[in-house]
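Descriptive analysis of the structure
Read off the chains here:
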Amino acid sequence: MNILLIAGSSRSAATSTILTRYIGQKLQEQGAAIEVIDLAELTLPIFTLDQPDLHPNARKLAEAAVKADGLVLATPEYHGSISGALKNALDYLQPAHVTGKAVLSVSSAGGPVGISSLQHLQTIIRNLHGINCAEWISIGYGSNAFGADGSPVDAGTRQRIHGAVNHFMELAEKLSGKAVSAS
Ligand SMILES: Cc1cc2nc3c(=O)[nH]c(=O)nc-3n(C[C@H](O)[C@H](O)[C@H](O)COP(=O)(O)O)c2cc1C
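Model, not experiment: these values are computed from the prediction.

Another aspect to go through is the overall build of the chain. In terms of helices and strands, the chain carries six helices and six strands. Going residue by residue from the N terminus, the α and β elements of the chain occur as β-α-β-α-β-α-α-β-α-β-β-α. What you see for the chain is a C-alpha radius of gyration of 15 Å, in line with the 16 Å of a compact globule of 183 residues. A total of 183 residues make up the chain; the buried ones form 48% of that total. Within the chain, residue pairs in contact and separated by at least 24 positions form 78% of the contacts whose partners lie at least 6 positions apart. In the chain, which carries 13 positive and 15 negative side-chain charges, the distance between the mean positions of the two groups comes to 2 Å.

Right, here's the structure in full:
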């Protein structure tokens, strides 16, 4: 099973990216193969239909999405929504990249919760014909949430993340028809 994780911040050392990498670790521990696209590293030009040829970075994103059996999308909460970087990346995708695949939405907010971004993300996924995981992950007070080792400092937060990841993997297995350790 191949899982593509997209870290949707354009900021290096973003907490949403730390969260993405932590979830990636949990997926690997369950036997999944992962690919992480960090939008702070794989920068994409603003999407336009006027550009006939795909930028190489956009091609890399599209190829990773095609290969993926499921996706994890991570965003910082920006003005009650998702980051511009993640929205721009998702504009490069088409239903053919996402249709019928399990998608887990996760966010990191400066305030206590980041529910608006998660709702907006799930709306976009629905329009790309992906299957939203019934669980999602919102990390509050992002800048204090992780220790130096990249793990959430709070045991309850760790438990919630593990529960959501398990739920996501069950859904991805059902939808893809692949066992978690199969690629
Ligand atoms: C442009 C911008 C808008 C933001 N809007 C919100 C917001 O609406 N609600 C909130 O809780 N935090 C907001 N924040 C704070 C971020 O969510 C916070 O820094 C969080 O840790 C996620 O960002 P990171 O992944 O870059 O660390 C905003 C930050 C920026 C830079």
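Examined against the element boundaries, His-162 turns out to sit in helix 6 (residues 155-176). The spacing of His-162 and Cys-133 is 29 residues in sequence and 14 Å in space, taken between C-alpha atoms. Each residue touching His-162, except ones within four places of it in the same chain, is listed here: Tyr-22 and Lys-26.

So, about the site of the ligand. Near the ligand you find 15 residues, and of these Arg-11, Thr-15, Ser-16, Glu-77 and His-79 are the closest. One of the backbone nitrogen or oxygen atoms of His-79 is found 2.8 Å away from a nitrogen atom of the ligand. Residue Gly-111 places a main-chain N or O atom 2.8 Å away from an oxygen atom belonging to the ligand. Compared with its free state, where it exposes 620 Å², the ligand has 68% of that area covered by protein.

A separate point is the nonpolar core. Looking at soluble globular proteins, one finds that nonpolar side chains tend to be buried together. One finds Ile-3, Ile-23, Leu-27, Val-72, Phe-168 and Met-169 to be the most contacted residues of the largest nonpolar core, which totals 26 residues. Of all the elements in the fold, those that place two or more residues in this core are strand 1 (2-7), helix 1 (15-29), strand 3 (70-76), strand 4 (102-108), strand 6 (137-139) and helix 6. Discounting residues that sit within four places of it in the chain, Leu-27 has contacts with Ile-3, Leu-5, Ala-32, Ile-34, Val-72, Val-165, Phe-168 and Met-169. Within the second largest apolar cluster, 25 residues are counted, among which are Ala-58, Ala-64, Leu-86 and Leu-128.

Criteria and thresholds
Residues numbered from 1 in each chain as written. Predicted model: local features only at pLDDT ≥ 70, side-chain atom pairs only at ≥ 80, totals over all residues. Heavy atoms only, no water. Helix = DSSP H or I, 4+ residues; strand = E, 2+ residues; numbered from the N terminus. Rg over C-alpha atoms; globule rule 2.2 N^0.38 Å. Buried < 20%, exposed > 50% of the residue type's maximum accessible area, 1.4 Å probe, protein only. Contact = heavy atoms within 4.5 Å. Lys, Arg positive; Asp, Glu negative; His and termini not counted. Charge placed at Lys NZ, Arg CZ, Asp CG, Glu CD. Near = heavy atom within 4 Å. Polar contact = N/O pair within 3.5 Å; in protein donor to acceptor, adjacent residues only side chain to side chain. Areas by Shrake-Rupley, 256 points an atom, 1.4 Å probe, with all protein chains shown as cover. Core = buried A, V, L, I, M, F, W, Y, C linked by side-chain atoms within 4.5 Å.

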